[in-house]
Each structure stands twice: as C-alpha cells, then as structure tokens.
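Here's the letter readout for the chains.
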Amino acid sequence: MPLILIHDEGQIVLADDVFVIALDDTGHEELHEENGACFGIGGCGFMVSDYQRLVETPWNFMLYRFFPDISRPVHAVEHFRKPTKEQMSALTHFFTTFQFFRVAVTVSTKTINSVGAGYIEIVGASVMQRIAEVASHASFSSVFILFEASERIDRMVMQALVGKKLRAGQQEYSIELGIIPKSACAAALEVADVIAHTACGQTRHRNQHPSQPVRRDFTDIFQTIDRRLVSFAEITCAEPAKA
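Below, the structure is looked at part by part.

What counts as what
Residues numbered from 1 in each chain as written. Predicted model: local features only at pLDDT ≥ 70, side-chain atom pairs only at ≥ 80, totals over all residues. Heavy atoms only, no water. Helix = DSSP H or I, 4+ residues; strand = E, 2+ residues; numbered from the N terminus. Buried < 20%, exposed > 50% of the residue type's maximum accessible area, 1.4 Å probe, protein only. Contact = heavy atoms within 4.5 Å. Areas by Shrake-Rupley, 256 points an atom, 1.4 Å probe, with all protein chains shown as cover. Expected span 1.5 Å × (residues − 1). Pairing = 2+ DSSP bridges. Axes fitted to C-alpha atoms, helices over the stretch in contact; angles between N-to-C directions. Parallel < 35°, antiparallel > 145°, perpendicular 65-115°, else oblique. Nonpolar A, V, L, I, M, F, W, Y, C, P; charged D, E, K, R; others polar. Disulfide = S-S within 2.5 Å. Salt bridge = Lys/Arg side-chain N within 4 Å of Asp/Glu carboxyl O. 1 Å grid on protein atoms, 1.4 Å probe; cavity = no way out; pocket = protein on both sides within 12 Å on 5 of 7 lines; lining within 4 Å. Points joined across faces, edges and corners; volume = space filled by probe spheres on them.

For the protein, the helix and strand inventory stands at 7 helices and 11 strands. Counting every position in the protein, which comprises 243 residues, the buried fraction comes to 53%. Long-range contacts, defined as pairs at least 24 residues apart, comprise 75% of the intrachain contacts of the protein with a sequence gap of at least 6. For the protein, the exposed surface amounts to about 12,200 Å²; the carbon and sulfur share of it is 49%.

Let's shift gears to helix α6 (residues 187-208). In a regular helix each residue adds 1.5 Å, so 22 residues correspond to 32 Å; α6 covers 32 Å between its end C-alpha atoms and thus fits that length. Of all 22 residues making up α6, 18 are buried, and the element is well covered by its neighbours.

Our focus in this paragraph is the pairing of strand β9 (residues 171-180). Sheet topology places strand β7 (residues 142-148) next to β9; 6 bridges connect them, and they run parallel. Directly across from phenylalanine 144, in β9, lies its bridge partner glutamate 176. Taking the residues that link successive antiparallel strands as the turn, the strand β8 (residues 165-168)-β9 hairpin has 2 residues, and the phi of glycine 169 there is positive, at about 65°.

Two numbers describe how helix α1 (residues 51-66) lies on helix α3 (residues 85-97): the axes approach to 11 Å, and their chain directions differ by 175°. Relative to α3, the element α1 is oriented roughly antiparallel. Across the interface between the two elements, Leu54, Val55, Pro58, Trp59, Met62, Arg65 and Phe66 of α1 pack against Glu86, Gln87, Ala90, Leu91, Phe94 and Phe95 of α3. Considered class by class, the residues forming the contact of α1 with α3 number 10 nonpolar, 1 polar and 2 charged.

If you trace the 7 strands from one edge of the open sheet to the other, you get β8-β9-β7-β3-β4-β5-β10, paired in mixed fashion. Looking at strand neighbours, the two that pair on one side only are β8 and β10 (230-234), the edges of this open sheet. With direction set aside, neighbouring strand axes in the sheet form an average angle of 20°. Bridge analysis of strand β4 (residues 38-47) against strand β5 (residues 101-108) gives 8 bridges, and the strand direction is antiparallel. Residue glycine 43 lies in a different strand from β5, and its bridge partner there is valine 103.

Counting across every chain of the model gives 1 disulfide. Here cysteine 38 is linked by a disulfide to cysteine 200, with a sulfur-sulfur distance of 2.3 Å. The chirality of the disulfide connecting cysteine 38 with cysteine 200 is left-handed, given an S-S dihedral of about -80°. With cysteine 38 in strand β4 and cysteine 200 in helix α6, the pair connects residues that are 162 residues apart, well separated along the chain. Using a relative accessible area of 2% as the deciding quantity, one classes cysteine 38 as buried.

Next up on the list: the pattern of salt bridges. The tally for this structure, following the rule as stated, stands at 7 salt bridges. The closest approach of N and O atoms between arginine 130 and glutamate 133, which form a salt bridge, is 3.8 Å. Taken together, the residues arginine 130 and glutamate 133, both in helix α4 (residues 119-135) and 3 residues apart, mark about one turn of the helix. Owing to a relative accessible area of 13%, arginine 130 belongs among the buried residues under this scheme. With its nearest N and O atoms 2.6 Å apart, the salt bridge here joins aspartate 217 to arginine 215. Taking the relative accessible area as the measure of exposure, arginine 215 reaches 26% and is therefore partly exposed.

As a volume, the second largest pocket reaches approximately 310 Å³. In terms of lining, the second largest pocket is formed by 17 residues, of which the most central are Phe80, His197, Thr198, Arg215 and Asp217. Taken together, the residues of the lining of the second largest pocket sort by class into 9 nonpolar, 3 polar and 5 charged.

The next subject is the pairing of β7. Burial runs high along β7: 7 of the 7 residues are buried. Burial along β7 is two-sided: Ser142, Phe144, Leu146 and Glu148 facing one way and Val143, Ile145 and Phe147 facing the other are all buried. For strand β3 (residues 18-26) and β7, the ladder comprises 6 bridges, and the chain directions are parallel. Directly across from alanine 22, in β7, lies its bridge partner leucine 146.

Dropping the structure here:
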C-alpha cells in the first residue's frame, strides 16, 4: 500500500519500494545552553511497504492504550518526561519488538569543532553516513527523507542535505526531501522525535556521569535489536579530512 503524506501544497504519494527516513532534531545547534547542552538529529527508517505494520499501527495503538490523555502531535520532552512503570514498559515493548531502522547523531558542548562548518552541516553529513549504513541492508528503488515543519530548523537541515546523494552498497541514489506540518500527527515523525531526544539524553548523561551505565531508553532503542538496523554516532571531535 502506498504512503500518502499530506503537506501544505498538496500530497506526496510514495510507492511500496521507497526507503523512507523520518528525521527530527533536538536541542540548539549553537549549543547555547550550559551544563551539557546537546544538539542532535535522529529518526526512524522503513520501507513504505512495512510502515503500517512496523511503525504506524503499533505506535498509534500504544498511545491509545497507555497514553490516552496525550494530545497529538507527541513530543518526547513534553509527554514522556516522567512515564509510569506501565508506560515505560509499553515504550520498551514498542522499540524492542518492531524492527524498523534507527539513526542518530549528536554533538555537545564537549565536542571539539576544528572545521570551518556549523553543527547542522557537520551533523547532517554524519546523518547521511548513518542512513547509508543502515540502507545497505535494504532493497529499494529510491530514498525519501521526511521532516516535520518548524519555524527554522527544518529548512536549515534541508539546505544542508539538498543535492546530497546516498551510496548504499554499489548503488548511488538521489534523495527526495519533504516537509509535512505538525498537524499531520505522523507516527513516523513522532517516533523520530523520541529517537532524537533519547540520543541527546544519552550524550548528556555520558558527559555528566561517565562512569554510570547507559540509560535504559537508549538501550531499548539502539542496543536491543538487530545491529544492522541501527547506526548512532556521538561526535566528540570534528576535524578536517586528511589528504
């Protein structure tokens, strides 16, 4: 079944064999906050043919069953800050049971930036590498990257990715980019929000408590499923490529 995305200028119809990555950002790219500020981009990937089975239906059911008072669209920092034990178990079940792709890249105030580029460009380039890594384990006809509309960041990230190509295995693919409004309440973008938020949460946690174990939510999302489905990078040092 094709995936139909509604946006301000109409709709986008994606065929079953399209590989989709839904991305979201968290934090501020200039790392204005003190005490462990973090910026990251992360999200989920899937074949259109698998979207309802792996993402949309189980995610919507989980929200209906365990988070009945949440208003959509869901944002992790607002709605999942203090889940009950039952709600945490529901989130764990979703992320450990349904085998969709997950990618994320983070930077923080501890990152050493030795290149003449901003963090959106640096993180965006690394996100493309993460997508290429997981995409090498899928078979698809084209690639579509999806963002949620926001006041500024979506356009900046899109500008960093426009014109980029994805090399997966021996093939190179052009990338289509799309933005849909928050009002669409797309499950893929809500899941992407949780993934990005969790990745930055783990980066802050590691910076502040380096001797403590990895956070449970990070383990659930990134460390409990087939490793071929996951690619995460915390950038600690960005330096010019060696000749």
